[in-house]
Amino acid sequence: MTFRVTVQPAGVSFDVARDEPILAAAIRSGIGLPYGCRDGACGSCKSRLVEGRVIHGAHQHKALSEAEEAAGWILTCCAAPQTDCVVQARTVAGAGEYPVLKMPARVASLARVAPDVMLMKLQLPANVQLKYRAGQYVEFILRDGARRSYSMANAPERLGNPPMIELHLRHMPGGKFTDHVFGAMKEKEILRMEGPLGSFFLREDSDKPIVLLASGTGFAPVKAIIEHMQAQDIGRPAMLYWGCRRKADLYLHRWALEAAASMPNLSYVPVLSDAPPEDAWNGRTGFVHEAVMTDRPDLSGHEVYACGTPAMVDAAKRDFSTRCGLPADAFYADSFTSEADKHGP
Ligand SMILES: Cc1cc2nc3c(=O)[nH]c(=O)nc-3n(C[C@H](O)[C@H](O)[C@H](O)COP(=O)(O)OP(=O)(O)OC[C@H]3O[C@@H](n4cnc5c(N)ncnc54)[C@H](O)[C@@H]3O)c2cc1C
Ligand code: FES
């Protein structure tokens, strides 16, 4: 049994199987809906149900509150239709453009670039051509079926030969996947993955200046977007703000400095929140999104691309709109939610 879901205002329709989340069917059908975690934690897929009924699977209260649910909002990533439905959502041009493929990938190299960050290069199978947009992510499918998401840190134009994707993984002690990456994982290990996924990529139909805001390994998709801008000669003014705790955490500081030196339209502001005296840091300090607000108190004519910890993304979304006039539809984000966020308070 299937239900028909129509997305307004685009007017596109697709079939959703019984008990299937709307978003999963949209991805399968190549319809670009906005989303991030696909797991009820980030709120990126929040949409309005105009007609019909859905049942929600488990989700975080902060992604969709009871009041929002009562007012007709749904999370498409965990809402299964019970009838034909009409949903009001922004469609994202390009999000469903490339096929989502499952493939094995071989760990080509592992480099510890900061105390808790691993730069992993993955060699793709020779018979598969992975097409994606800079900023998107892949999911590893672990032996027990659990999935973990990581953003590609190189642009598709920089895959190289043989094609390899670059990932930046932060160790979360006690974490199912990253404990293995920082422990027993060796080069040549085969991982199973699926991608490309996500709607976090540069909207190229706009020429507004952009703020690229990253915390920690949220730098990965931002790096890919910058490489894409370099490869396509995109001259929009871009301001990169990268927040970390201490100097050693700015694991590609030199890369960012060189990118800014080679691109007249790019500026780079590193911001440390917890630099110890031995870092002898005389750059910016504090919360990274607050550094943006100090420099750009009026963001009304900008677009913001934010990626990293849920706390940073949530604070930036809230403060940029309430204090700096950023329109809600000019804020694009991937929140790096983990099991702790899904099961936390
Ligand atoms: C769209 C997206 C893109 C992402 N991209 C990146 C990226 O490029 N780089 C990156 O570093 N990360 C990224 N992440 C985060 C990444 O997917 C993982 O969540 C993260 O690496 C942790 O995975 P893990 O298996 O090691 O830890 P998990 O098993 O998820 O555990 C995480 C933490 O929660 C604790 N925990 C586990 N279970 C519970 C529970 N039931 N209750 C409370 N606490 C619990 C663990 O002890 C650990 O400290 C991304 C996430 C999303 C959604
Ligand atoms: S809450 Fe639906 S994609 Fe994150």
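Residues numbered from 1 in each chain as written. Chains lettered and ligands numbered in written order. Predicted model: local features only at pLDDT ≥ 70, side-chain atom pairs only at ≥ 80, totals over all residues. Heavy atoms only, no water.

A.B. asks: How would you sum up the sheet that holds strand β13 (residues 190–197)? Please name residues and give values.
C.D. replies: A sheet is described by the order of its strands in space; here six strands give the open sequence β11-β10-β13-β8-β9-β12, paired in antiparallel fashion. Here the strands that pair on one side only, and so sit at the sheet edges, are β11 (147–151) and β12 (164–170). When strand polarity is set aside, the average angle formed by the axes of neighbouring strands in this sheet is 40°. By the bridge criterion, five bridges tie strand β10 (residues 137–141) to β11 in an arrangement that is antiparallel. Note on β11: the bridge partner recorded for Ile 141 is Arg 147. Across the sheet, helix α4 (residues 219–231) is in contact with β11 and β12; its angle to β12 comes to roughly 150°. (Pairing = 2+ DSSP bridges. Helix = DSSP H or I, 4+ residues; strand = E, 2+ residues; numbered from the N terminus. Axes fitted to C-alpha atoms, helices over the stretch in contact; angles between N-to-C directions. Contact = heavy atoms within 4.5 Å.)

A.B. asks: Pulling in residues and values, what's your account of the layout of surface pockets?
C.D. replies: In this model, the second largest pocket occupies a volume close to 1,100 Å³. Lining the second largest pocket are 43 residues, and of these Pro 34, Ser 44, Arg 90, Ala 328 and Phe 331 lie nearest its centre. Residue assignment for the lining of the second largest pocket shows that the elements contributing at least two residues are β3 (46–51), α7 (310–324) and β19 (331–335). (1 Å grid on protein atoms, 1.4 Å probe; cavity = no way out; pocket = protein on both sides within 12 Å on 5 of 7 lines; lining within 4 Å. Points joined across faces, edges and corners; volume = space filled by probe spheres on them.)

A.B. asks: Quick rundown of the packing of α4 against helix α5 (residues 253–262)? Include the residues and the values.
C.D. replies: A pair of packed helices can be characterised by two numbers: the angle between their axes and the separation between those axes. Contact geometry for α4 and α5: axes closest at 12 Å, N-to-C directions at 25°. Relative to α5, α4 is oriented roughly parallel. The interaxial crossing formed by α4 with α5 has left-handed handedness. Facing α4, whose interface residues are Phe 219, Lys 223, Ile 226, Glu 227 and Gln 230, α5 presents Trp 255, Ala 256, Ala 259 and Ser 262. Across the contact of α4 with α5, the residue classes tally to five nonpolar, two polar and two charged. (Parallel < 35°, antiparallel > 145°, perpendicular 65-115°, else oblique. Left-handed = near helix turned anticlockwise from the far one by under 90°. Nonpolar A, V, L, I, M, F, W, Y, C, P; charged D, E, K, R; others polar.)

A.B. asks: Could you give an account of the pattern of salt bridges, naming the residues involved and the relevant values?
C.D. replies: Applying the stated criterion to the full structure yields 18 salt bridges. Across the pair Glu 194 and Arg 147 runs a salt bridge whose closest N-O atoms are separated by 2.6 Å. Placement of the pair is Glu 194 in strand β13 and Arg 147 in strand β11, with a sequence separation of 47 residues. With its nearest N and O atoms 3.8 Å apart, the salt bridge here joins Asp 319 to Arg 323. (Salt bridge = Lys/Arg side-chain N within 4 Å of Asp/Glu carboxyl O.)

A.B. asks: Just give me the short version of the environment of Asp 314, but keep the residues and values in it.
C.D. replies: Relative to the helices and strands, Asp 314 is located in helix α7. Residue classification places Asp 314 among the partly exposed residues on the basis of a relative accessible area of 35%. For the pair Asp 314 and Ser 335, spaced 21 residues apart in sequence, the C-alpha separation works out to 8.4 Å. (Buried < 20%, exposed > 50% of the residue type's maximum accessible area, 1.4 Å probe, protein only.)

A.B. asks: Help me get a handle on the sheet that holds strand β1 (residues 2–8), residues and values and all.
C.D. replies: The strand order across the open sheet built from five strands is β2-β1-β7-β3-β5, with neighbouring strands paired in mixed fashion. Looking at which strands have only one partner, the edges of the open sheet turn out to be β2 (12–17) and β5 (73–75). With direction set aside, neighbouring strand axes in the sheet form an average angle of 40°.

A.B. asks: How would you sum up the side chain of Ser 199? Please name residues and give values.
C.D. replies: When you line up the elements, Ser 199 lands in the loop between β13 and β14 (210–215). Here Ser 199 falls in the buried class, since its relative accessible area comes to 8%. Those residues in contact with Ser 199 that lie beyond four places of it in its chain are Leu 33, Pro 34, Tyr 35, Val 92 and Ala 95.

A.B. asks: Before we move on, could you go through empty space enclosed by the protein and cite the residues and values that matter?
C.D. replies: Tallied over the full model, the rule gives one cavity of 30 Å³ or more. Space inside the largest cavity adds up to approximately 70 Å³. Forming the walls of the largest cavity are Ile 27, Gly 30, Ile 31, Gly 32, Leu 33, Tyr 35, Ala 95, Gly 96, Tyr 98, Val 100 and Pro 196. Tallied by class, residues from the lining of the largest cavity come to eight nonpolar, three polar and no charged.

In short, geometric facts, not functional conclusions.
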